[in-house]
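# Coordinate analysis (summary)
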Amino acid sequence: MTDLMLLPLMLLLHMLSSLWANARPLPEQADRLQQRAWLILKALPLAAAISALLLSQGLVSGLMGFIVILLSQLILEHQRLTRPQTFTASFVLGQLIPVAIVVLLWSGATDNWSQLAAAFEQLLQPQMLTVLVGALFLLHPTSSLIALILTPWLNHVDLQDEQSLKKAGRLIGFLERLLAFAFVVMGQWSAIGFLLAAKSIMRFNDTRQAKRPVSEYVLLGTLLSFGTSVATGLAVRTLLGG
């Protein structure tokens, strides 16, 4: 088995383990014994499978892989279960750190530290950093700016009567701005029109049945969101020389 085949297989095993955890989540009222059993069922098969793959690199690599994956999964999943269920905590503890551990484990077992360093160098290139800064700007700073602009209308009685999923609007705003930003950077202007049309269709019934202040509020928020995304995308394209 080649080194380049080994890493995707290890990541595939991690994804299958995550799918199992999502398909069979731990009950909210689970006692300590049930939590331990769930943690072992989550960590032990993954550690054994990755260890079996790493045995192709030698016995020491296989044993090291088993120990590292087993301990890291037990610790991270325990932290994820005992902390408040937020998107950031779940993503960092359930995906970001485990994937980083798998990549580091692969690099150590196959002695591919030079390739890993080269990949990080590519990520730290000015072009990549410019795109990253633009994307991050469209998250919290832009979200706060749009919220500040819309503040005078938030206390309207018709808006207070509107029901929506908790924090759903914020996440939708994040996603639409990132998508619009990516399309501008790639020069796919038609895709932005498709995205805007798709959102308009999804909101058509809501705005048709809503009162005029609600429709105006939605339109204003959409224009601000897409406007900042397009402006940021154009600025990044200019800095990249596009």
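This section reports on the structure supplied with the text. (Residues numbered from 1 in each chain as written. Predicted model: local features only at pLDDT ≥ 70, side-chain atom pairs only at ≥ 80, totals over all residues. Heavy atoms only, no water.)

## Observations regarding the overall build of the protein
- Each helix and strand in the protein was counted, giving 12 helices and 0 strands.
- In the protein, the order of α-helices and β-strands from amino to carboxyl end is α-α-α-α-α-α-α-α-α-α-α-α.
- Taking as baseline every contact in the protein between residues at least 6 positions apart, the subset at least 24 positions apart corresponds to 71%. (Helix = DSSP H or I, 4+ residues; strand = E, 2+ residues; numbered from the N terminus. Contact = heavy atoms within 4.5 Å.)

## Regarding the nonpolar core
- Counting 13 residues, the largest nonpolar core has Leu6, Met10, Ile50, Leu54, Ile69, Val102 and Leu105 as the members making the most contacts within it.
- Of all the elements in the fold, those that place two or more residues in this core are helix H1 (3-23), helix H2 (32-54) and helix H4 (87-110).
- A total of 5 residues in this core trace back to one element, the largest contributor, which is H2.
- Core analysis: the second largest hydrophobic core is formed by 7 residues, Ala180, Phe183, Val184 and Phe226 among them. (Core = buried A, V, L, I, M, F, W, Y, C linked by side-chain atoms within 4.5 Å. Buried < 20%, exposed > 50% of the residue type's maximum accessible area, 1.4 Å probe, protein only.)

## Overview of the pattern of salt bridges
- For the structure on display, the rule yields 2 salt bridges.
- Between glutamate 77 and lysine 42 there is a salt bridge, with its nearest N and O atoms 3.6 Å apart. Of this pair, glutamate 77 sits in helix H3 (residues 59-82) while lysine 42 sits in helix H2, placing them 35 residues apart in sequence. The two residues glutamate 77 and lysine 42 agree in class, both being buried.
- Residues glutamate 77 and arginine 80 are paired through a salt bridge, measuring 2.7 Å at the closest nitrogen-oxygen approach. Highlighted residues: glutamate 77 and arginine 80, both in helix H3, separated by 3 residues, approximately one helical turn.
- The network of salt bridges with common partners includes Lys42, Glu77 and Arg80. (Salt bridge = Lys/Arg side-chain N within 4 Å of Asp/Glu carboxyl O.)

## Points about the environment of threonine 142
- Relative to the elements of secondary structure, threonine 142 occurs in helix H7 (residues 140-154).
- As a C-alpha pair, threonine 142 and leucine 224 span 82 residues in sequence and 9.5 Å in three-dimensional space.
- In this structure the side chain of threonine 142 is engaged in a polar contact, spanning 2.6 Å, whose partner is the backbone oxygen of phenylalanine 137. (Polar contact = N/O pair within 3.5 Å; in protein donor to acceptor, adjacent residues only side chain to side chain.)

## Quick notes on the packing of H1 against H4
- One way to put it is that H1 packs onto H4 with a least axis distance of 10 Å and a crossing angle of 155°. The pairing of H1 with H4 is recorded here as roughly antiparallel in orientation. As for how H1 packs across H4, the hand of that crossing is right-handed. Of H4, the residues touching H1 (which contributes Asp3, Leu6, Leu7, Met10, Leu11, His14 and Ser18) are Gly94, Gln95, Pro98, Val99, Val102, Val103, Leu105, Trp106 and Thr110.
- Grouping the constituent residues of the contact of H1 with H4 by class yields 10 nonpolar, 5 polar and 1 charged. (Axes fitted to C-alpha atoms, helices over the stretch in contact; angles between N-to-C directions. Parallel < 35°, antiparallel > 145°, perpendicular 65-115°, else oblique. Left-handed = near helix turned anticlockwise from the far one by under 90°. Nonpolar A, V, L, I, M, F, W, Y, C, P; charged D, E, K, R; others polar.)

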